[in-house]
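Below, each chain spelled out in residue letters.
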Amino acid sequence: MKLTHRTVLITGGSSGIGLALAEKLAAQDNQVIICGRDQNKLELAQSQVPDLEIVQCDITEENDLRQLVSFLAARYPSIDLLVNNAGIQQELDLTSGSITNEVITDEINTNMTGQIIITLRLYPLLTANQNASIVFLGSALGLVPKYDVPIYSAAKAGLHSFVNSLREQVARDGVQVVEVFPDVIETPMTQHRINEAKMSADNFAENVIKHLLKDADEIYTGRTRMLEIFNRVSPTLAAHLING
Ligand SMILES: NC(=O)c1ccc[n+]([C@@H]2O[C@H](COP(=O)([O-])OP(=O)(O)OC[C@H]3O[C@@H](n4cnc5c(N)ncnc54)[C@H](OP(=O)(O)O)[C@@H]3O)[C@@H](O)[C@H]2O)c1
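Residue indices begin from 1 for each chain and proceed along its sequence in written order. The predicted nature of this model means local features are confined to residues of pLDDT at least 70 and side-chain atom pairs, given and counted, to a pLDDT of 80 or more, with totals for whole chains, interfaces and linings taken over all residues.

Draft legend 1. Up close: the nonpolar core. In this usage, the nonpolar core is the set of buried Ala, Val, Leu, Ile, Met, Phe, Trp, Tyr and Cys residues whose C-beta atoms join them within 7 Å. Exposed residues have 12 or fewer other C-beta atoms within 10 Å of their own C-beta, buried residues have 20 or more, and partly exposed residues fall in between, where C-beta atoms are placed from the backbone. Leu21 and Ile34 are the most contacted members of the largest nonpolar core, which totals 61 residues. By definition, residues are in contact whenever their C-beta atoms, placed on the basis of the backbone, come within 7 Å of each other. Not counting residues within four places of it along the chain, the set of residues in contact with isoleucine 34 comprises Ile10, Gly13, Ser14, Gly18, Ala22, Leu42, Ala45, Leu52 and Ile54.

Draft legend 2. Region of the structure containing the site of the ligand. For each residue, a C-beta atom is positioned from the backbone; the residue is called near a molecule or strand if that atom sits within 6 Å of it. As a matter of local geometry, the ligand sits amid 31 residues, with Gly12, Gly16, Arg37, Asp38 and Gly87 nearest to it. Secondary structure elements with two or more residues in the shell around the ligand: helix 1 (16-27) and strand 2 (31-36). Only Asp, Glu, Lys and Arg are considered charged, only Ala, Val, Leu, Ile, Met, Phe, Trp, Tyr, Cys and Pro nonpolar, and every remaining residue, Gly among them, polar. Split by residue class, the shell around the ligand holds 12 nonpolar, 15 polar and four charged. The way it works is that DSSP assigns letters per residue, a run of H or I at least four long becomes a helix, a run of E at least two long becomes a strand, and they are numbered from the N terminus.

Draft legend 3. Looking closely at the environment of isoleucine 33. Here isoleucine 33 is to be found in strand 2. As a C-alpha pair, isoleucine 33 and glutamine 48 span 15 residues in sequence and 14 Å in three-dimensional space. The contacts of isoleucine 33, once residues within four sequence positions are left out, are Val8, Leu9, Glu53 and Val55.

Draft legend 4. Just the sheet that holds strand 9 (residues 218-220), in detail. Paired strands are those between which DSSP finds at least two bridges. Taken together, the seven strands give an open sheet; going across it, the order is 3-2-1-4-5-6-9, and neighbouring strands pair in parallel fashion. The open sheet has two edge strands, strand 3 (53-56) and strand 9, and neither has a second partner. Taking each pair of neighbouring strands and ignoring which way they run, the sheet shows an average axis angle of 15°. Sheet analysis places strand 6 (residues 176-181) next to strand 9, joined by three bridges and oriented parallel. If you follow valine 180 over to strand 9, its bridge partner there is isoleucine 219. Note on geometry: axes are lines fitted to C-alpha atoms, helical ones only across the stretch in contact, with angles between N-to-C directions running from 0 to 180 degrees.

Draft legend 5. A look at the packing of helix 1 against helix 6 (residues 201-213). Two elements in contact, helix 1 and helix 6, have axes whose closest approach is 8 Å; the angle formed by their N-to-C orientations is 60°. Classed by the angle they form, the pair helix 1 and helix 6 counts as oblique. The element helix 1 and its partner helix 6 pack so that their crossing is right-handed. Contacts between helix 1 and helix 6 pair Gly16, Ile17, Ala20, Leu21 and Lys24 from the former with Ala201, Asp202, Phe204, Ala205, Glu206, Val208 and Ile209 from the latter. Tallied by class, the residues present in the contact of helix 1 with helix 6 amount to eight nonpolar, one polar and three charged. When describing relative orientation, an angle under 35 degrees is termed roughly parallel and one over 145 degrees roughly antiparallel, while 65 to 115 degrees is termed roughly perpendicular and anything else oblique. Should the near helix be turned anticlockwise from the far one by less than a right angle, the crossing is left-handed, and should it be turned clockwise, the crossing is right-handed.

Draft legend 6. Here's a closer look at the pairing of strand 6. In terms of residue burial, strand 6 counts as a mostly covered element, since five of its six residues are buried. As paired strands, strand 5 (residues 133-137) and strand 6 are joined by five bridges and run parallel to one another. Bridging across to strand 6, isoleucine 134 finds its partner in valine 177. Call a crossover right-handed when, viewed with both strands pointing away from you, the route from the first strand across the helix to the second goes clockwise. Traced from strand 5 through helix 5 (residues 150-170) to strand 6, the parallel crossover comes out right-handed.

Draft legend 7. View of the pairing of strand 4 (residues 81-84). Of the two faces of strand 4, the one holding Leu81 and Val83 and the one holding Leu82 and Asn84 are both buried throughout. Note that strand 4 and strand 5 share four bridges and pair parallel. What sits directly across from asparagine 84, in strand 5, is phenylalanine 136. On the question of chirality, the crossover connecting strand 4 to the parallel strand 5 by way of helix 4 (residues 101-126) is right-handed.

The structure is reproduced here in structure tokens:
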């Protein structure tokens, strides 16, 4: 994958993994656009990395998606790389009786449906040039569910399935599809997991970029490669490793 002089859109680029990737890709002479729900967070990100273009967009909101696509179409002739990174994760007790439909659909829409929709909406811009790429931030929890984040794990499992179908369908247009499986990364999403070993977002982004240059379909970082192998040999052992 070529990673210089490209136009890159990173969803959820205002913190954590998305921001670390945005910073590194902007430093490599790419035009990087980030989106997120919170305008203040986007402006803070831009103050850290002045070359970033910021667009407020909730990927679960139809109006926001329409505005984002119109903005991009008017401003950029093509998008070379879409990084589907926006995500949320909620610990949920499924027996509590207090989980609303909104909590469930929000988590599925952010982690799966929104990513599918934005990918299809941006497909004409992605194929306006040759050699476009689409990168998804998947999760090892989509392969082996973590029982206390059940909707997140289910959404990432659904996303993984979608990514495999997408990769096959878009190959005929020369579009490359990559799914990344991060280890536990130090970001706002994991800040409450205080006793776990975490990789910094900066190291993770550097690592991912190195792998992207090598054109793999799937990128496993840290312990996720071992987990993926264990899961094929013994799903029970893999479930134990994730859930204790
Ligand atoms: N951190 C880890 O250990 C880890 C491990 C495996 C996979 N991942 C995946 O990596 C990705 C990034 O995670 P992270 O740890 O960097 O999380 P993070 O720091 O919480 O960042 C999430 C980003 O997504 C944005 N976002 C959330 N909902 C959105 C929506 N509906 N529309 C647009 N933007 C939205 C957030 O900004 P706003 O709040 O302003 O919208 C923020 O910029 C996620 O897909 C996550 O599932 C992370």
